[in-house]
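As a plain string of letters, each chain reads:
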Amino acid sequence: MGSTGTVLRELRGAQKSAKGVSLYSRYVNRPAGRVLAAGAYRAGMTPNQVTLTSALFTFGALAAVALVEPSWTLAVLVYAALVIGFAFDSADGQLARLTGRGGPDGEWLDHVVDCGKMVLVHTAVLIFFYRFGELPSDAWLLLPLGFQLAAVVTFCAGLLREQLGKAAASARGPSWAVPAAPASPVRAVALLPADYGIFCLVFLLLGAPGAFRAGYAVLAAVHTLFLAAFLAKWFRELKALRAG
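If you're wondering where the values come from, they're calculated on a predicted model, not measured in any experiment.

Participant: Got a minute to help me understand a nonpolar patch on the surface in this structure?
Facilitator: On the surface, Val76, Leu201 and Leu204 cluster together into a nonpolar patch covering about 220 Å² of accessible area. Structurally, Leu204 is set in the loop between helix H8 (196-200) and helix H9 (209-243).

Written as C-alpha cells, this is what we have:
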C-alpha cells in the first residue's frame, strides 16, 4: 500500500471528465472526495463502504433538520455533515476506479443512495416547515413537494438520457460515436445554481426559518427552470439519435 501522497497522485489520474460539471464539483467536491478516497484506501475500505458512509452523514443531517429545534449551531452542523456526505459520494467512485473494485452492484448502490437523498432532503424540509417554519400560509407546504418533483424528474430523466444514448451508440457501432466535447468554463459557471453542493448552502440559514424559507424558494425556482431547460435539451438529443 503506497503512501498517501502516492495514492492522491494516482487518484488525480482517475478522475471523471470535467464535461458537464459545475465549478463547485470540479474544484471543491472532487478534490475533497479525492482526499477522503485516499484515506479510505489507506483504511482498507471498499467503495460500497464509502457509499454507506456518505449515506450515514447525509441521512443523519437530514433527520436533524426534521427533528431538532432550529438554531445556528444546528445550521453549521447540518451543513458540515451534508458537505462531508457529498464528498464521500464523490470518493466512492474515485476509490472504485483506483482499485478496480467497481461493478454494477456498487453503481446500483450509489444510485439508490442518491435517489434516497433526493427524496429525503425535501421531505425533511417539509417536516421542518410544518414544525418550525413559522409559515405565513399552509400553501408553503406545497413548495418542498414541488421541489422534490423537479429534483426526481431531473435525476431520472438524466439517467434515462445517458442510458438511451449509450444503447443507441452501441447499436450503431463504435464508428458512430460522437467525440466528447471539451469542458466549457461558461457551462461550469452556469451549472453552479443546480449543483447539490451549492444547494447545501441554504441549510446555513436554518437558524432563521424565514430566511431559510426564502432561500429554499429561490433555489426551487432555479431548479425548476433548469429542469425545463434540461428536458428540452435531452428530448432534442434523443430525437436526433432517432433521426441520425
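Anyway, onward from the coordinates.
Participant: Just checking my understanding: could you explain the pattern of salt bridges for this structure?
Facilitator: Working definition: two side chains of opposite charge can pair if their charged atoms are close together. Following the criterion strictly, the structure yields four salt bridges and no others. The closest approach of N and O atoms between Asp114 and Lys117, which form a salt bridge, is 3.7 Å. Of this pair, Asp114 and Lys117 both sit in helix H5 (residues 104-132), three residues apart, roughly one helical turn. Of the charged contacts, one joins Arg161 and Glu237 as a salt bridge, the two residues approaching to 2.7 Å between their closest N and O atoms. Here the residue Arg161 occupies a position in helix H6 (residues 142-172), and Glu237 occupies one in helix H9, the gap between them amounting to 76 residues. Residue classification places Arg161 among the buried residues on the basis of a relative accessible area of 19%. The partly exposed category is assigned to Glu237, whose relative accessible area is 25%.

Participant: Looking at this structure, how should I read the packing of aromatic side chains?
Facilitator: Aromatic ring pairs are defined here through the distance separating the ring centres and the angle between the ring planes. Overall, the coordinates contain 17 aromatic pairs when judged by the stated rule. Their ring planes at 55° and their centres at 6.4 Å tell us that Phe128 and Phe129 sit as a pair that is tilted. By relative accessible area, which is 0% here, Phe128 ends up buried. In this structure Phe129 comes out as buried when scored by relative accessible area, which is 2%. Relative to Phe212, the ring of Phe128 lies with its centre 5.2 Å away and its plane at 75°, an arrangement referred to as edge-to-face. With Phe128 in helix H5 and Phe212 in helix H9, this residue pair connects regions lying 84 residues apart in the sequence. Grouping aromatic residues by their ring pairs yields a cluster made of Tyr24, Phe86, Phe128, Phe129, Phe132, Phe147, Tyr196, Phe199, Phe203, Phe212 and Tyr216.

Rules behind the numbers
Residues numbered from 1 in each chain as written. Predicted model: local features only at pLDDT ≥ 70, side-chain atom pairs only at ≥ 80, totals over all residues. Heavy atoms only, no water. Patch = residues over 30% accessible without salt bridge, like charges linked within 9 Å, V, L, I, M, F, W, Y side chains within 5 Å. Areas by Shrake-Rupley, 256 points an atom, 1.4 Å probe, with all protein chains shown as cover. Salt bridge = Lys/Arg side-chain N within 4 Å of Asp/Glu carboxyl O. Helix = DSSP H or I, 4+ residues; strand = E, 2+ residues; numbered from the N terminus. Buried < 20%, exposed > 50% of the residue type's maximum accessible area, 1.4 Å probe, protein only. Phe/Tyr/Trp six-rings, centres within 6.5 Å; stacked < 30°, edge-to-face > 60°.

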